[in-house]
Amino acid sequence: QVQLVESGGGLVQPGGSLRLSCAASGFTFSTYSMRWYRQAPGKERELVAAITIPGGSNDYADSVKGRFTISKDNAGNTVYLQMKSLKPEDTAVYYCNLMRIGRYYWGQGTQVIVSS
């Protein structure tokens, strides 16, 4: 079955960096687009970044453009979210997402807290 397991979150100071990882299994990872979402307390879940297959194009929310980078390691079945110049408003639980055969799959999430 499909499994998505996020890791890499934590507490970081404003201006710092983190790299989130999502280990995927149970499907042919190289052939699917992958996304990162986040949900801050009291807010709706929002799309942060997507890598589209085929083509490999990357798309980002305006709020993270130029600071976040999504990438896929097909050999390792892992999708990454490199985050730099972090701001307090980036504080949220970050989720890895797959849409496959009309169904959304989510990981358990990883907490990112940006605070001094």
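J.: Teacher, can you tell me more about the state of the cysteines here?
T.: Disulfide: a covalent bond connecting the sulfur atoms of a pair of cysteines. The full count for this structure, using the stated rule, is one disulfide. In this model, Cys22 is linked to Cys96 through a disulfide, with the two sulfur atoms separated by 2.2 Å. Taking the sign of the S-S torsion, about -80° here, the bridge from Cys22 to Cys96 comes out left-handed. Separated by 74 residues along the polypeptide, Cys22 in strand S3 (residues 18-25) and Cys96 in strand S9 (residues 92-100) bring together distant segments of the chain.

J.: Would you take a moment to explain unusual backbone geometry for this structure?
T.: What is expected of a backbone is that most residues other than glycine have negative phi and most peptide bonds are trans. Cis geometry marks the peptide bond from Ile53 to Pro54, where omega comes out at 0°. The topology assignment puts Pro54 in the loop between strand S5 (46-52) and strand S6 (57-60). Phi is positive for Ser85, close to 50°, though the residue is something other than glycine. Within the secondary structure layout, Ser85 lies in the loop between strand S8 (78-83) and S9. Owing to a relative accessible area of 37%, Ser85 belongs among the partly exposed residues under this scheme. Not every positive phi belongs to a glycine, and Ile101 is a case in point at roughly 50°. Mapping Ile101 onto the fold places it in the loop between S9 and strand S10 (103-106). Overall, Ile101 belongs to the exposed group, its relative accessible area being 73%.

Criteria and thresholds
- Residues numbered from 1 in each chain as written.
- Predicted model: local features only at pLDDT ≥ 70, side-chain atom pairs only at ≥ 80, totals over all residues.
- Heavy atoms only, no water.
- Disulfide = S-S within 2.5 Å.
- Helix = DSSP H or I, 4+ residues; strand = E, 2+ residues; numbered from the N terminus.
- Buried < 20%, exposed > 50% of the residue type's maximum accessible area, 1.4 Å probe, protein only.

It is worth stressing that arrangement in space is one thing and function is another; only the former is reported here.
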